Amino acid sequence: IEHGLADLRERFPALVLDLVLANAVVDLGRGGADLALRLMRPADPELVGRKVGDMAFGLYAAVGRARSGSGEPVASTNVVRASGPLANSAEARWLSGRAWARPVLQSDSLGALRAGIAAGVGWGVLPRPIGDADERLVLVAPLPESATRPVWLVAHRDALARAAVRAAMDHLMAVVRRMVRDRGR
């Protein structure tokens, strides 16, 4: 997403961006944020959601720790895995269900998981747009379609009354759609 923020700032120089990275669902109705990316369809009728696309996940290792496309290992392998709210996701359950996976690090932060994989601590699962963009990582194997998650850009109905929010939503739709399409499948 960060690559598309410069373009947005050039188009709207008065816009102040506050990028909050959290696993918790932010309450858009109480002004927690104007826009949110979510990996689930919004259930609240006061929220307007646009499906951006479907995000695929992959099994990654540090460059030099595995060959690209080599597939799942047969022997016990150190892994970094999700904890907290991320541990209940389809992709985290996929990794936990592998007989060869020996957890050595866990975190509730995708950034920490990516750093652990890149440092060679262990193999791990990441969204394809994140893992494919990191030159320190190699895609060992894509996860099955069952681990693919929908990506939604969501706003509260009241926030969409503001032109800046609508413009930001349109811009982010294009950026995230391109990101998911180019690296997410």
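Refer to the structure printed above.
As a starting point, this report considers the structure included with it. As the structure is a computational prediction, the values presented were derived from the model and not from experiment. (Residues numbered from 1 in each chain as written. Predicted model: local features only at pLDDT ≥ 70, side-chain atom pairs only at ≥ 80, totals over all residues. Heavy atoms only, no water.)

## Section: the nonpolar core
Here's step 1: L35, L59 and L95 are the most contacted members of the largest nonpolar core, which totals 32 residues.
Here's step 2: Going through the elements one at a time, α1 (2-11), β2 (47-55), β3 (57-62), α2 (90-96), β7 (137-142), β8 (149-156) and α5 (163-183) are the ones with two or more residues in this core.
Here's step 3: When residues of this core are assigned to their parent elements, the largest contribution, seven residues, is made by α5.
Here's step 4: Residues within four places of L95 in sequence aside, it is in contact with L59, V79, V80, R81, W100, A101, G124 and V125. (Core = buried A, V, L, I, M, F, W, Y, C linked by side-chain atoms within 4.5 Å. Buried < 20%, exposed > 50% of the residue type's maximum accessible area, 1.4 Å probe, protein only. Helix = DSSP H or I, 4+ residues; strand = E, 2+ residues; numbered from the N terminus. Contact = heavy atoms within 4.5 Å.)

## Quick notes on the pairing of β3
Here's step 1: Counting buried positions along β3 yields six of six residues, so the element is predominantly enclosed.
Here's step 2: Residues F57, L59 and A61 point to one face of β3 and G58, Y60 and A62 to the other, with burial holding for every one of them.
Here's step 3: Where β3 lies against strand β6 (residues 124-127), four bridges are found, and the strand directions are antiparallel. In the sheet register, F57 faces β6, and the bridge partner there is P127. (Pairing = 2+ DSSP bridges.)

## Some words on the side chain of R128
Here's step 1: Assignment of secondary structure puts R128 in helix α4 (residues 128-131).
Here's step 2: The class of R128 is buried, set by a relative accessible area of 13%.
Here's step 3: In this structure the side chain of R128 is engaged in a polar contact, spanning 3.3 Å, whose partner is the side chain of Y60. (Polar contact = N/O pair within 3.5 Å; in protein donor to acceptor, adjacent residues only side chain to side chain.)

## Thoughts on the sheet that holds β3
Here's step 1: What the three strands build is an open sheet, ordered β6-β3-β7; its pairing is antiparallel. Of all the strands in the sheet, just β6 and β7 have a single pairing partner and so form its edges. The sheet shows a mean angle of 45 degrees between the axes of neighbouring strands, taken without regard to direction.
Here's step 2: Strands β3, β6 and β7 of the sheet are contacted by helix α3 (residues 110-118), whose axis makes an angle of about 130 degrees with β6. (Axes fitted to C-alpha atoms, helices over the stretch in contact; angles between N-to-C directions.)

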